[in-house]
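# Structure assessment
Spelled out from the first residue to the last, the chains are:
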Amino acid sequence: MPDLLIELFSEEIPARMQKRAGEDLQKLVTNGLVEAGLTYGSAAVFTTPRRLTLALGDMLAASPRQVEERKGPKADAPEKAIEGFLRGAGLTRDQLEERETPKGKVLFAKIEKPGRPAAEIVAEVLEQTIRNFPWPKSMRWGSGSLKWVRPLHSILCVISDEAGAEVVPLTIDGITAGNTTRGHRFLAPAEIEVAGFEDYQDKLSRAFVVLNPAARANTIWHDATNMAFAAGLEVVEDAGLLAEVAGLVEYPVVLMGRIGEDFLGLPPEVLQTSMKEHQKFFSVRNPKSGQIERFITVANRTTADEGATILAGNEKVLGARLSDAKFFWDNDLRTVTAGGGMETWVKALENVTFHNKLGTQAELIDRMATLSRELAPLVGADADEAEKAARVAKADLSSEMVYEFPELQGLMGSYYARKAGMSDAVADAAKDHYAPLGPSDDVPTAPISIAVALAEKIDKLTGFWAIDEKPTGSKDPFALRRAALGVIRILVENDVSLSLNDVLGQSAEIVGDRDAGRADTADILGFIHDRLKVYLRDQGIRHDVIDACIAMDGSDDLTLLVKRARALSDTLKTDDGENLIQGFKRANNILSQAEEADGVEYSFGADPKFAETEAEKDLFAALNKAEAKITPAMAAQDFSTAMAAMAELRGPIDAFFEAVQVNAENPTVRRNRLNLLSRIRTICSAVADLTKLDG
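Residues numbered from 1 in each chain as written. Predicted model: local features only at pLDDT ≥ 70, side-chain atom pairs only at ≥ 80, totals over all residues. Heavy atoms only, no water.

## Details of the overall build of the protein chain
Regarding its fold elements, the protein chain presents 25 helices and 20 strands. Relative to the compact-globule value of 26 Å for 695 residues, the protein chain shows a C-alpha radius of gyration of 36 Å, a clear excess of over 25%. Dimensions of the protein chain, computed from the C-alpha atoms along their principal axes, are close to 100 × 100 × 50 Å. Counting across all 695 residues of the protein chain, residues that qualify as buried make up 48%. Residue pairs at least 24 apart in sequence account for 68% of intrachain contacts in the protein chain once pairs closer than 6 positions are excluded. Accessible surface for the protein chain amounts to roughly 32,900 Å². Of this, 48% is attributable to carbon and sulfur atoms. Separation of charge centres in the protein chain, based on 80 positive and 106 negative side chains, amounts to 3 Å. (Helix = DSSP H or I, 4+ residues; strand = E, 2+ residues; numbered from the N terminus. Rg over C-alpha atoms; globule rule 2.2 N^0.38 Å. Buried < 20%, exposed > 50% of the residue type's maximum accessible area, 1.4 Å probe, protein only. Contact = heavy atoms within 4.5 Å. Areas by Shrake-Rupley, 256 points an atom, 1.4 Å probe, with all protein chains shown as cover. Lys, Arg positive; Asp, Glu negative; His and termini not counted. Charge placed at Lys NZ, Arg CZ, Asp CG, Glu CD.)

As structure tokens, then:
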């Protein structure tokens with residue numbers, strides 16, 4: 001079976017677009033071929049800055065012959081109806097078949113479609129793909145109508161098998177498909193003729209093109225880490241930068257340069273951010289001091305002087321960039337060490353809008369400071385320190401460094417707070433109060449950082465709820481889902497137990513004092529519970545288990561709620577736990593039906609003296625034993641012990657239902673047994689609302 005090789009060769013494709021472009025090429029081409037009846041065995045896509053390549057293996061040489069049957073009008077239908085059917089089918093009257101049906105004789109047509117050669121189908125599909133390629137941004141150049149991300153120079157499209165290679169006949173806007181490509185722009189620019197994928201890959205390799213982006217990334221990382229190790233240093237890991245740089249070069253050559261002595265005193269994060277954002281350099285640090293001392297750059301070619309000229313140019317440009325960063329750093333330090341300290345920056349935030357309905361950044365800081373003070377005793381923090389930390393946490397938004405590098409906000413605040421003579425706890429809170437920004441980020445763990453981080457997120461939730469700017473199904477412009485998840489993770493991962501209802505109420509009052517309106521705190525808590533379901537579902541806890549725990553009193557204490565949910569989930573994974581739920585539901589159903597039919601509530605009065613069977617007596621004893629364990633365990637918030645005691649009821653409940661008829665003829669016995677079922681419901685429901693569980 002033949003193989004197909006496609007290469008679209010152009011000017012440099014932006015690195016950020018390459019991965020998606022390769023996926024789109026594979027999807028559009030393979031879907032088009034399969035729809036046309038041309039199947040294949042394997043597919044692989046590759047990208048470089050100048051080319052998108054798709055290789056298909058074991059493709060059909062032609063689409064299969066198809067036979068389509070169409071049902072037509074009745075045999076005695078009007079002639080015009082039959083003529084219309086014949087035109088649509090492309091047949092004559094004598095080619096139709098008459099069949100007897102319950103509605104009489106009906107005409108049927110068999111339409112045969114012969115198979116088509118692969119080259120014809122590939123040409124059609126590829127033209128459609130190229131003309132309708134979903135680039136985020138594209139351009140039209142010259143006099144043609146074709147749009148591409150950068151000028152498209154050539155199309156390589158060949159079908160190859162044991163007999164040789166065939167060029168697919170295709171011309172788009174003056175570009176005719178062929179069997180040639182080009183190697184590296186500078187090191188091997190001559191035209192290369194290829195006969196198939198293996199030949200193509202081998203010749204490109206000799207022409208200084210590493211086709212596979214993963215191979216380029218591996219080469220960069222291997223050479224960079226070895227080079228740094230030889231100098232007693234280490235490369236700072238950055239997967240995103242590595243992927244981007246691998247998309248900037250076809251033949252990576254790793255070089256290590258030096259950072260000027262004048263800049264080594266800058267914070268490591270400033271050096272790393274400046275080099276990454278402006279130059280796409282990797283940072284190289286001293287593992288002993290943590291200081292960034294050198295950089296790694298990746299050239300796209302070898303040179304006679306082994307990269308010396310390239311490094312000299314990069315070091316010169318980097319020096320200019322870092323001079324700006326040092327200027328900002330020095331100016332900021334003069335500000336924070338002067339008389340006004342960071343208060344000068346906080347004052348400046350009175351003129352910076354946070355949201356037109358929620359006031360300025362300075363007003364946000366006031367709200368955060370007030371709420372942080374309220375939260376401090378709940379999380380074990382000093383109230384004065386928590387308020388002080390909240391007042392300076394966002395001060396660095398006025399700094400020159402954060403104006404230049406917004407991604408350093410918070411982090412720079414921690415440096416400036418220490419320079420201003422503030423405690424480490426206050427400085428750390430400035431760095432940590434935005435955290436966690438993502439599901440994999442660490443959460444703050446120091447008490448003052450916890451208080452300020454919670455205050456920042458809770459104020460955001462109550463504030464935007466107060467002005468009715470809630471997230472929708474598709475939009476969350478103020479990252480409120482992230483704020484809710486941050487609250488959950490900070491509380492749960494730090495084992496902080498507090499009433500969110502009370503805290504949300506306090507925050508709503510603080511926001512309301514600024515005339516923003518009053519937030520619906522119950523709605524906010526429901527929103528947080530929804531985020532909690534997602535958080536716990538990722539940990540393997542079922543949604544119905546969470547619902548069963550949310551239905552209990554105290555569900556606004558997320559830490560206890562999660563402990564309850566985890567204990568219930570673990571219990572349900574045991575045979576006793578799962579079977580107990582079935583027994584509980586059976587008891588609850590019988591009891592509910594009897595209460596509805598009798599118009600009374602069977603909630604007390606079960607007495608072992610009316611028990612007629614051993615199974616009843618055993619269940620009385622088991623319920624007494626379970627209650628004696630569950631009541632103190634729940635009071636101590638020992639959910640695991642309570643759940644285990646509940647699961648022990650599985651055997652006595654099963655035995656009871658096997659041996660006993662609840663609706664006995666004797667009304668006293670029947671009432672006693674229904675009250676016994678009520679005890680099952682009451683004792684089990686003290687642990688969780690088991691009626692919420694599926695199954």
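## Thoughts on unusual backbone geometry
In this structure, Pro436 follows Ala435 across a cis peptide bond, with omega equal to -5 degrees. Position of Pro436 relative to the elements: it lies in the loop between helix H14 (424-432) and helix H15 (447-466). For Asp58, which is not a glycine, the phi torsion comes out positive at approximately 55 degrees. Residue position: Asp58 is located in the loop between strand E3 (51-57) and strand E4 (66-74). Take Asp58: its relative accessible area is 43%, and that puts it in the partly exposed class.

## Some words on the sheet that holds strand E9 (residues 152-161)
Spatial strand order, E2-E3-E1-E9-E10: five strands in an open sheet with antiparallel pairing. Two strands bound the open sheet, and with one partner strand each, they are strand E2 (42-48) and strand E10 (164-167). The average undirected angle you get between the axes of adjacent strands in this sheet is 15 degrees. Here eight bridges tie strand E1 (residues 3-10) to E9, and the two strands are oriented antiparallel to one another. Looking at E9, one finds that Leu4 is bridged to Ile159. (Pairing = 2+ DSSP bridges. Axes fitted to C-alpha atoms, helices over the stretch in contact; angles between N-to-C directions.)

## Re the packing of aromatic side chains
Scanning the model with the defined rule gives 15 aromatic pairs in all. Aromatic pair Phe327 and Phe328: ring centres 6.1 Å apart, planes at 65 degrees, arrangement edge-to-face. Using a relative accessible area of 46% as the deciding quantity, one classes Phe327 as partly exposed. Between Trp329 and Tyr415 the ring centres are 6.1 Å apart and the planes differ by 90 degrees, which places this aromatic pair in the edge-to-face class. Residue Trp329 is located in helix H8 (residues 308-337), and its partner Tyr415 is located in helix H13 (residues 411-419); the two are separated by 86 residues in the primary sequence. Take Trp329: its relative accessible area is 8%, and that puts it in the buried class. Residue classification places Tyr415 among the partly exposed residues on the basis of a relative accessible area of 24%. By the ring-pair criterion, three or more aromatic residues cluster together here, those being Trp329, Trp345, Tyr415 and Tyr416. (Phe/Tyr/Trp six-rings, centres within 6.5 Å; stacked < 30°, edge-to-face > 60°.)

## A few points about the pattern of salt bridges
Once the charged atoms of two side chains with opposite charge are near each other, the side chains can pair. Under the defined criterion, the tally for this structure stands at 45 salt bridges. Two residues, Lys326 and Asp330, come together in a salt bridge whose shortest N-O distance is 3.1 Å. Pair noted here: Lys326 and Asp330 are both in helix H8, with a separation of four residues, about one helical turn. With its nearest N and O atoms 2.7 Å apart, the salt bridge here joins Glu493 to Arg489. Of this pair, Glu493 and Arg489 both sit in helix H16 (residues 480-493), separated by four residues, roughly a single helical turn. (Salt bridge = Lys/Arg side-chain N within 4 Å of Asp/Glu carboxyl O.)

## Observations concerning the sheet that holds strand E16 (residues 253-258)
In spatial order, the strands read E15-E17-E18-E16; together these four strands make up an open sheet with antiparallel pairing. Sheet topology places strand E15 (234-235) and E16 at the edges, where each strand pairs with a single neighbour. Relative to strand E18 (residues 292-299), E16 runs antiparallel, the two sharing six bridges. By the bridge assignment for E18, Met256 is matched with Ile296. Sheet strands in contact with helix H5 (residues 213-230) are E15, E16, strand E17 (282-285) and E18, and its direction is about 35 degrees off that of E16. Together, E16 and E18 form the strand contacts of H8, whose direction differs from that of E18 by roughly 125 degrees.

## Side note on the pairing of E2
With seven bridges connecting them, E2 and E3 associate as antiparallel partners. Opposite Ala43, over in E3, you have Leu56 as the bridge partner.

## With respect to helix H18 (residues 521-537)
Taking 1.5 Å as the rise per residue, H18 with 17 residues should run 24 Å; its terminal C-alpha atoms sit 24 Å apart, in good agreement. Taken together, the buried positions of H18 are occupied by Thr521, Ile524, Leu525, Phe527, Ile528, His529, Leu532, Tyr535 and Leu536. One side-chain oxygen at the N-terminal end of H18 lies 3.2 Å from the backbone nitrogen of Ala522; it belongs to Asp520. (Expected span 1.5 Å × (residues − 1). Polar contact = N/O pair within 3.5 Å; in protein donor to acceptor, adjacent residues only side chain to side chain.)

## Considerations on the nonpolar core
Counting residues in hydrophobic clusters, the biggest one holds 142 residues, and the most contacted among them are Leu461, Leu500 and Leu568. Beyond its immediate chain neighbours, meaning those up to four positions away, Leu568 contacts Val545, Ala548, Cys549, Met643, Ala688, Leu690 and Leu693. Membership of the second largest hydrophobic core comes to 36 residues, among which are Ile13, Val29, Leu38 and Ala118. (Core = buried A, V, L, I, M, F, W, Y, C linked by side-chain atoms within 4.5 Å.)

## Regarding the packing of helix H10 (residues 361-379) against helix H11 (residues 383-392)
Following both chains from N to C, one finds H10 and H11 inclined at 155 degrees, their axes separated by 8 Å at the closest point. Judged by the angle between their axes, H10 and H11 are roughly antiparallel. Relative to H11, the crossing made by H10 is right-handed. Here Ile365, Asp366, Met368, Ala369, Ser372, Arg373 and Ala376 of H10 come into contact with H11, specifically with Ala383, Asp384, Ala386, Glu387, Ala390 and Arg391. Classifying every residue of the contact of H10 with H11 gives seven nonpolar, one polar and five charged. (Parallel < 35°, antiparallel > 145°, perpendicular 65-115°, else oblique. Left-handed = near helix turned anticlockwise from the far one by under 90°. Nonpolar A, V, L, I, M, F, W, Y, C, P; charged D, E, K, R; others polar.)

## Considering the pairing of E9
Among the ten residues of E9, eight are classified as buried, and the element is accordingly described as predominantly covered. The pairing of E9 with E10 spans four bridges and is classified as antiparallel. Within the sheet, the bridge partner assigned to Ser160 lies in E10 and is Ala165.

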